[in-house]
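# Structural overview
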Amino acid sequence: MPYFDTASAAPLHPVARQALQASLDEGWADPARLYREGRRARLLLDAAREAAAEAVGCRADELVFTPSGTHAVHTGLAGVLAGRRRVGGHLVVSAVEHSSVLHAADAHERTGGTVTQVPVDRYGAVDPAGYADALGARTALACLQSANHEVGTVQPVAEVAEACGAAGVPLLVDAAQSLGWGPVEGAWSVLAASAHKWGGPPGVGLLAVRKGVRFSSQGPADERESGRSPGFANLPAIVAAAASLRAVRAEADAEAARLRVLVDRIRRRVVRLVPDVEVVGAPDRRLPHLVTFSCLYVDGESLLHELDRAGFSVSSGSSCTSSTLTPSHVLRAMGVLSEGNVRVSLPPGTTAEEVNAFLEVLPGAVAGVREKLGVSEAPAAPPEADSLELDALGLLCPQPVIELARAIGRVPVGGTVTVVSDDEVARLDIPAWCAMRGHEYVGESPRPVGVAYLVRRLV
């Protein structure tokens, strides 16, 4: 069964498995102790730190291991904000950061800090000038992911780091999605990553803080990991994480070139095989293994279940797969179609045959979901009126767009259809539908209940 969700968690690398098994025998003792078993454990920990630091591109004494990537992000963010509190309490983040960063930003706001979100373009990329404009005299920290976890867009970290350096502001980079493919470019100040994203075991994160960055660890003091990650380290997992990072880096260039060909095939073929599909994310400046697309008139959760039954494990940023029933903050910030969203992230070793099999299954899966939802645009008939209003209150994605598609043929060219909806997803998907089907999205206006979205028929 092909597993195509390595952006969530990569399968354990064979080198990680071997290192984990070996270090369970050799690295069980306390590395802080001076007896033989402790010294042996300390040698393993030091070697793992050296290997990880080399991959990150920092000094060994700048890097600590944490219980997760999220823990690394939260520790790094809180530590720098506390260390630079005399400068001010202003934090700058992009609108498409991982939830770990945005949750930490929310917590910072609740304690009196201020946060500026830098917008992104339709591909999900920030403008370095936007970061430069957001920085101010009281900015304590800026954060930027190296590559987006939902659409694969690679961010201009080096350019943003340059702008931050000119303003005297440290830059924290969430490198979880990209570190297995290569070091992060630019003069970043703090870096966080997570081992299970590159084929290491879960429960290991990396936090690198450059010398000279003001950092004040929060919480009770601890003598381990420079006081930045308290508690007894999971040494076998740390050894496995460092070993697998070195291994995937050795394979990265060849594997990236091979997977990029397969991803390009998906990007080209999906729009030919499936009607009404939008491929999202940067076409060129992107991770080599990840592609995301959205399908009109599709319930994302149903589509993922159909693909799972067909033997393919993929994920989604669609609101229809979320218990909150709100669109992905990444897709919302990009302003792209969110319904029927599918993220395919190929693990190392994926074959062309597996990708071809996925492309054979996908059209039928989408068609099956659309059929269950009763999708059919109105057949050609004399228009009923110059304008129509649809009551879509209480209908969740993708039903408001389906109702719009059914109704557009009931007005003449130049006529309008108003969709009244209380589903937040409509704010994204109705304009996206207009762009895909050649109609004009006029705008929105509030109603006592919900929002009215006005569409003009052009074809």
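Presented here is an overview of the structure given in this document. (Residues numbered from 1 in each chain as written. Predicted model: local features only at pLDDT ≥ 70, side-chain atom pairs only at ≥ 80, totals over all residues. Heavy atoms only, no water.)

## Comments concerning the overall build of the protein
Convention followed: Secondary structure elements are taken from DSSP: a helix is a run of H or I of four residues or more, a strand is a run of E of two residues or more, and numbering for both begins at the N terminus. Atoms considered for the radius of gyration are the C-alpha atoms alone. The globule rule reads 2.2 Å times the number of residues to the power 0.38. When accessible area is computed with a 1.4 Å probe and restricted to protein chains, residues below 20% of their type maximum are described as buried, those above 50% as exposed, and intermediate ones as partly exposed. Residue contacts are counted whenever heavy atoms from the two residues lie within 4.5 Å of one another. Counted as positive: Lys and Arg. Counted as negative: Asp and Glu. His and the chain ends are not counted at all. In plain terms, the charge of a residue is placed at NZ if it is Lys, CZ if Arg, CG if Asp and CD if Glu.
The number of helices and strands found in the protein is 12 helices and 14 strands. Relative to its length of 459 residues, the protein is compact, with a C-alpha radius of gyration of 24 Å against a globular reference of 23 Å. Expressed as lengths along the three principal axes of its C-alpha atoms, the size of the protein is roughly 90 × 55 × 35 Å. The burial tally for the protein puts 54% of its 459 residues in the buried class. The long-range fraction of contacts in the protein, counting pairs at least 24 apart against all pairs at least 6 apart in sequence, stands at 73%. If the 43 positive side-chain charges of the protein are averaged to one point and the 52 negative ones to another, these points end up 5 Å apart.

## Here we look at the packing of helix α7 (residues 235-273) against helix α10 (residues 352-372)
To keep things clear, this is the line we draw: Axis definition: a line fit to C-alpha positions, over the contact stretch in the case of helices; interaxial angles, taken between N-to-C directions, run 0 to 180 degrees. Orientation categories follow fixed angle ranges, with anything under 35 degrees roughly parallel, anything over 145 roughly antiparallel, 65 to 115 roughly perpendicular, and all other angles oblique. Crossing handedness: left-handed means the near helix sits turned counterclockwise from the far one by under a right angle, and right-handed means the same turn made clockwise. Three classes are used, and their members are as follows: Ala, Val, Leu, Ile, Met, Phe, Trp, Tyr, Cys and Pro are nonpolar, Asp, Glu, Lys and Arg are charged, and the others, Gly among them, are polar.
Direction vectors running N to C along α7 and α10 enclose 15 degrees, while the axes themselves pass 11 Å from each other. By the criterion of interaxial angle, the relationship of α7 to α10 is roughly parallel. In the crossing of α7 with α10, the sense of the turn from one axis to the other is right-handed. Between α7 and α10, the contacting residues are L262, R265, I266, R269, V270 and L273 on the first element and A352, V355, N356, L359, L362 and P363 on the second. Among the residues making up the contact of α7 with α10, the classes are represented as 9 nonpolar, 1 polar and 2 charged.

## Remarks on the packing of aromatic side chains
Keep this limit in mind: Geometry of aromatic contacts follows a simple scheme: Phe, Tyr and Trp rings, the Trp one being its six-membered ring, pair when their centres are within 6.5 Å, and the pair is stacked under 30 degrees between planes, edge-to-face over 60, tilted otherwise.
Within the structure shown, the criterion is met by 3 aromatic pairs. Seen in terms of ring centroids, F4 and F358 are 5.9 Å apart; in terms of plane orientation they differ by 75 degrees. Their pairing is edge-to-face. One end of the pair, F4, is in the segment before α1 (14-26); the other, F358, is in helix α10, and 354 residues separate them in sequence. F4 gets classed as buried once you look at its relative accessible area, which sits at 1%. For F358, a relative accessible area of 0% puts it in the buried group. Taken together, the aromatic side chains of F4, F312 and F358 make up a single cluster linked through ring pairs.

## Some details on the sheet that holds strand β14 (residues 451-456)
Heads up, the rule is: Two strands pair if DSSP finds at least two bridges between them.
Pairing is mixed in the open sheet, where 4 strands are placed in the order β11-β12-β14-β13. Two strands lie at the open edges of the sheet, namely β11 (387-391) and β13 (440-446), each paired on one side alone. In this sheet, neighbouring strand axes are inclined to one another by 20 degrees on average, regardless of whether the strands run parallel or antiparallel. Here β13 runs beside β14; their pairing, made up of 6 bridges, is antiparallel.

## A closer look at the state of the cysteines
Working definition of a disulfide: a covalent bond connecting the sulfur atoms of two cysteines. Note the threshold: Our working definition of a disulfide is a cysteine sulfur pair at a distance within 2.5 Å.
Taken as a whole and judged by the stated rule, the model has 0 disulfides. The thiol of C58 is not disulfide-bonded; the next cysteine sulfur, from C143, is found 18 Å away. Looking at C58, the relative accessible area reads 14%, which means it is buried. Here C164 is not cross-linked by a disulfide; its sulfur's nearest cysteine counterpart is in C143, at 9.3 Å. A relative accessible area of 1% places C164 in the buried class.

## Re the environment of R447
How we decide: Polar contacts, as counted here, are pairs of nitrogen or oxygen atoms within 3.5 Å of one another; within protein the pair requires one atom able to donate a hydrogen and one able to accept it, and residues that are adjacent in sequence qualify only if both atoms are side-chain atoms.
Inspection of the secondary structure assignment puts R447 in the loop between β13 and β14. For R447, a relative accessible area of 33% corresponds to the partly exposed category. Taking the C-alpha atoms as reference points, R447 and S421, 26 residues apart in sequence, are found 9.3 Å from one another. Once you skip the residues sitting within four places of it in the chain, R447 turns out to touch E389, T418, V420 and A452. Reaching out from R447, the side chain makes a polar contact with the side chain of E389 at a distance of 3.1 Å.

## Focus: empty space enclosed by the protein
Note the threshold: Grid points spaced at 1 Å and placed over the protein atoms alone form the basis of the search, with a cavity being a set where a 1.4 Å probe fits but cannot get out and a pocket an open set showing protein on both sides within 12 Å along at least five of seven lines. Lining residues have an atom within 4 Å of a point. Grid points are joined across faces, edges and corners, and a volume is the space filled by probe spheres set on the points.
For the structure shown, the criterion picks out 2 cavities of 30 Å³ or more. A volume near 200 Å³ is recorded for the largest cavity. Contributing to the lining of the largest cavity are 19 residues, with G180, W181, K197, W198 and P348 lying nearest its centre. For the lining of the largest cavity, a count of residues per class yields 10 nonpolar, 6 polar and 3 charged. Its volume calculated, the second largest cavity comes out at about 30 Å³. Along the walls of the second largest cavity sit E339, C397, P398, P400, V401, D423, V425, A426 and D429, which together make up its complete lining.

## Observations concerning the sheet that holds strand β8 (residues 277-280)
Across the sheet, 3 strands lie side by side as β8-β9-β10; this open sheet has antiparallel pairing. Of all the strands in the sheet, the pair left with one neighbour each is β8 and β10 (341-345). In this sheet, neighbouring strand axes are inclined to one another by 25 degrees on average, regardless of whether the strands run parallel or antiparallel. As paired elements, β8 and strand β9 (residues 290-295) share 4 bridges and run antiparallel to each other. Across the sheet, E278 pairs through a bridge with S294, a residue of β9.

## A short note on the layout of surface pockets
Here the largest pocket is characterised by a volume of approximately 430 Å³. Breaking the lining of the largest pocket down by element, the ones donating at least two residues are α6 (157-167) and α7. The volume enclosed by the second largest pocket comes to roughly 340 Å³. Looking at the second largest pocket, it is lined by 25 residues, and the ones nearest its centre are T70, H98, A176, Q177 and K197. Residues of the lining of the second largest pocket, tallied by class, amount to 8 nonpolar, 13 polar and 4 charged.

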